[in-house]
Each structure stands twice: as C-alpha cells, then as structure tokens.
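Architecture at a glance
So you can see what is in the structure, the chains are spelled out below.
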Amino acid sequence: RCLTNLLLNSKRYANKVEISVQSKERHLQISIDDDGPGIPIAEREKVFRPFYRLDSARNLDSGGVGLGLSIARDAVLSHGGQIYLRHSSLLGGLK
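These remarks concern the structure in this document. (Residues numbered from 1 in each chain as written. Predicted model: local features only at pLDDT ≥ 70, side-chain atom pairs only at ≥ 80, totals over all residues. Heavy atoms only, no water.)

**Some thoughts on the side chain of glutamate 43**
The following threshold applies: Each helix is a run of H or I in the DSSP string that is no shorter than four residues. Each strand is a run of E no shorter than two, and both are numbered from the N terminus. Buried, partly exposed and exposed residues are distinguished by accessible area as a fraction of the type maximum, computed with a 1.4 Å probe on protein chains only: under 20%, between the cut-offs, and over 50%, respectively. By the convention used here, residues are in contact when the closest approach between their heavy atoms is within 4.5 Å.
Among the structural elements, glutamate 43 can be located in the loop between strand E2 (27-34) and helix H2 (68-78). Residue class for glutamate 43 comes out buried when judged on its relative accessible area of 18%. Apart from the residues lying within four places of it in its own chain, the contact partners of glutamate 43 are Tyr52 and Leu54.

Given below as structure tokens:
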C-alpha cells in the first residue's frame, strides 16, 4: 500500500518517475524521484497529516482526499522504517 500510494502521487503530479532500490545492511532503501512541481520545504512534514492537501491540490477533481501520504507513513513506521520528502537532484521534482 505504501509504494502504491507514493507512486500514484508521483504519477498524478509528474511526467517522469524513477524508482531505485538499494540494499543497506539489513534494510532496503527505496527512492522515488520525479520531475513534478515538488512540495515547498515548509509543507513537507504537513503533507503526511491525514486529509492535509496543498492549496494547489484542494480541487476535489484532482482525485485525492489527502490520505495517501499519511497511509504511506503509517505503513513505513509500523515496519520500523523512515520516510521523508526532499528535492530530487536527479529529476528536479520531489524525492
């Protein structure tokens, strides 16, 4: 569910999406880079809150209700992982 939500978000806002997986000791690091508009630094933590939507995504026709990233974070944390958003140096959007 986590990866599905993250990939659907990328697909909704970007034209190009790249996924990479690296083995790090006993963990996997999965990165999703896109060329979308990104999320302002001040909003990056807020978008993980249930039902939180950026102003540009508040149009109800955009296809989401603001739960995708919240569900993704809950899934990652419940498995002892970490999830965060940052600028993608690879594609210029979000990572």
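Structure shown, so let's carry the discussion forward.
**What about H2?**
Because the α-helix completes a turn every 3.6 residues, residues three or four places apart line up on one side. Here is the rule: When we speak of the arc, we mean the arc of directions from the helix axis to the C-beta atoms.
For H2, every residue scored as buried is listed here: Leu69, Ser70, Ala72, Arg73 and Val76. Axial view of H2: buried residues confined to an arc of 160°, hence all on one face. Check the buried side of H2 and you find it contacts helix H1 (2-13). Immediately beyond the C-terminal end of H2, within one or two residues, lies glycine 80, with a positive phi of roughly 80°.

**Regarding the packing of aromatic side chains**
Rules: Here a Phe, Tyr or Trp ring, Trp counted by its six-membered ring, pairs with any other such ring whose centre lies within 6.5 Å, and the pair is stacked when the planes are under 30 degrees apart, edge-to-face when over 60, and tilted otherwise. Note on geometry: a ring has a charge over it if NZ (lysine) or CZ (arginine) is within 6 Å of the ring centre and within 35 degrees of the ring normal.
For the structure shown, the criterion picks out zero aromatic pairs. Between the NZ or CZ atom of arginine 73 and the centre of the ring of phenylalanine 48, over which it lies, the distance is 3.9 Å.

**Some words on unusual backbone geometry**
Positive phi outside glycine occurs at glutamate 25, with the angle close to 50°. Along the chain, glutamate 25 turns up in the loop between strand E1 (17-24) and E2. Residue classification places glutamate 25 among the exposed residues on the basis of a relative accessible area of 81%. The phi dihedral of phenylalanine 51 falls on the positive side, at around 70°, and the residue is not glycine. Relative to the helices and strands, phenylalanine 51 is located in the loop between E2 and H2.

Purely spatial values, then, with no claim about function.
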